[in-house]
Amino acid sequence: MLARLPRPRMPVGRTETIAAALVALAAVYAVIVIVRTAAELIFGHWYIGIPAAVFSGALLTLGWRWNIVAARRRAARLAGLRLTLPEIDLMGHTAFEYAVRDLMIRDGIDARRIGGKNDMAADVIGKDRTARTANVIVVQCKHTTVGGKVGARVIHEVNGTARPAHGADLAVVVTNGSFTRGARQRAAMWGIGLIGRDELSRWAGGETSVHRLLRTTWPGYHRRRLRRRLWYPAASPGHDVPAASFPE
């Protein structure tokens, strides 16, 4: 079995930043050379360049249209998706992540599941194309036993990685359980949306959409931007936070 390649992430530290900058410069130079070569081919051998350009444009257009049609078909297939809390409680962690992804797609969000090892506190990432701009929504899914609670440490992890590692405009934690007092305090402080058991029941049952849910349960949703000044370097290696800062 082939080893799974790690997902791209934002560079951390001066060394990684310099290395990333050098790679970016090399990539820009390669693009310039390719564009220059293509231009010379088109203008120097028009009888080859023009048909090649038309063919490439046609392929790009077909690919773009195919993605749109596939997304519409997927959304139509999931339009009638309804889940009950007993069904969700019986799911495993991975199935729960896919269920959240499908619910987001049902609501018109272009979502994909990326959870797994080294997911950096992001199980589902979506682009909200119903907004004025394609806002990036990062979701951390926490499937727990009935009566289980998500603590402040999870909120801290999401706060430290959602924007720096995933470029999030919005960060949300979804659970079939509930949240501790400390978790709610941290989420309110850092502008992170929370969807607990009661909200999940209404969302999965089709009574509401994730957009309406966040507008009613999270006052910061209308601003559509995470509060940058409140982000802490929680995800930085070796950056420990005293246990006292995680009230339960």
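Computed from a prediction, not measured in an experiment: that's the story for all the values here.

Draft legend 1. Local environment of the pairing of strand E2 (residues 124–128). Counting buried residues along E2, four of its five residues qualify, which places the element largely inside the surrounding structure. Pairing of strand E1 (residues 109–113) with E2 involves five bridges; the strand directions are antiparallel. The residue bridging Arg 112 from the neighbouring strand is Ile 125, located in E2. In this sheet, strand E3 (residues 135–142) lies alongside E2 in antiparallel orientation, the contact comprising five bridges. Residue pairing for E3: Lys 127 is matched across the bridge by Val 136.

Draft legend 2. Just the packing of helix H4 (residues 93–106) against helix H7 (residues 197–204), in detail. Packing of H4 against H7 brings their axes to within 11 Å, and their N-to-C directions diverge by 55°. As judged from the angle between their axes, H4 and H7 are oblique. The two elements H4 and H7 cross, and the hand of that crossing is left-handed. Counting all contacts with H4, which are made through Phe 96, Val 100, Leu 103, Met 104 and Arg 106, the residues of H7 involved are Leu 200, Trp 203 and Ala 204.

Draft legend 3. Quick look at H4. Under the 1.5 Å per step criterion, the end-to-end length of H4 is 20 Å for 14 residues, consistent within 8% with the ideal 20 Å. Looking at H4, one finds that the buried residues are Phe 96, Glu 97, Ala 99, Val 100, Asp 102, Leu 103, Met 104, Ile 105 and Arg 106. Positive backbone phi, at 90°, marks Gly 108, one or two positions downstream of H4.

Draft legend 4. Representation of the sheet that holds E3 within the structure. The sheet built from five strands is open, its strands ordered E1-E2-E3-E5-E7 with mixed pairing. Edge positions in the sheet fall to E1 and strand E7 (193–195), since each of these pairs with one other strand and no more. Across the sheet, the mean angle from the axis of one strand to that of its neighbour is 20°, orientation sign disregarded. Contacting E2, E3, strand E5 (170–175) and E7, helix H5 (residues 152–166) runs over the sheet at an angle of about 150° to E3.

Draft legend 5. Molecular detail of the nonpolar core. Of all hydrophobic cores here, the largest spans 27 residues; its most connected members are Val 100, Met 104, Val 139, Val 174, Ile 195, Leu 200 and Trp 203. The biggest single contributor to this core is H4, with six residues. When residues no more than four places from it in sequence are discounted, the contact partners of Ile 195 are Val 172, Val 173, Val 174, Thr 175, Phe 179, Leu 200, Trp 203, Val 210, Leu 213 and Leu 214. By size, the runner-up hydrophobic cluster in this structure holds 20 residues, among which are Ala 122, Val 158, Trp 190 and Ile 192.

Reading guide: rules and limits
- Residues numbered from 1 in each chain as written.
- Predicted model: local features only at pLDDT ≥ 70, side-chain atom pairs only at ≥ 80, totals over all residues.
- Heavy atoms only, no water.
- Buried < 20%, exposed > 50% of the residue type's maximum accessible area, 1.4 Å probe, protein only.
- Helix = DSSP H or I, 4+ residues; strand = E, 2+ residues; numbered from the N terminus.
- Pairing = 2+ DSSP bridges.
- Axes fitted to C-alpha atoms, helices over the stretch in contact; angles between N-to-C directions.
- Parallel < 35°, antiparallel > 145°, perpendicular 65-115°, else oblique.
- Left-handed = near helix turned anticlockwise from the far one by under 90°.
- Contact = heavy atoms within 4.5 Å.
- Expected span 1.5 Å × (residues − 1).
- Core = buried A, V, L, I, M, F, W, Y, C linked by side-chain atoms within 4.5 Å.

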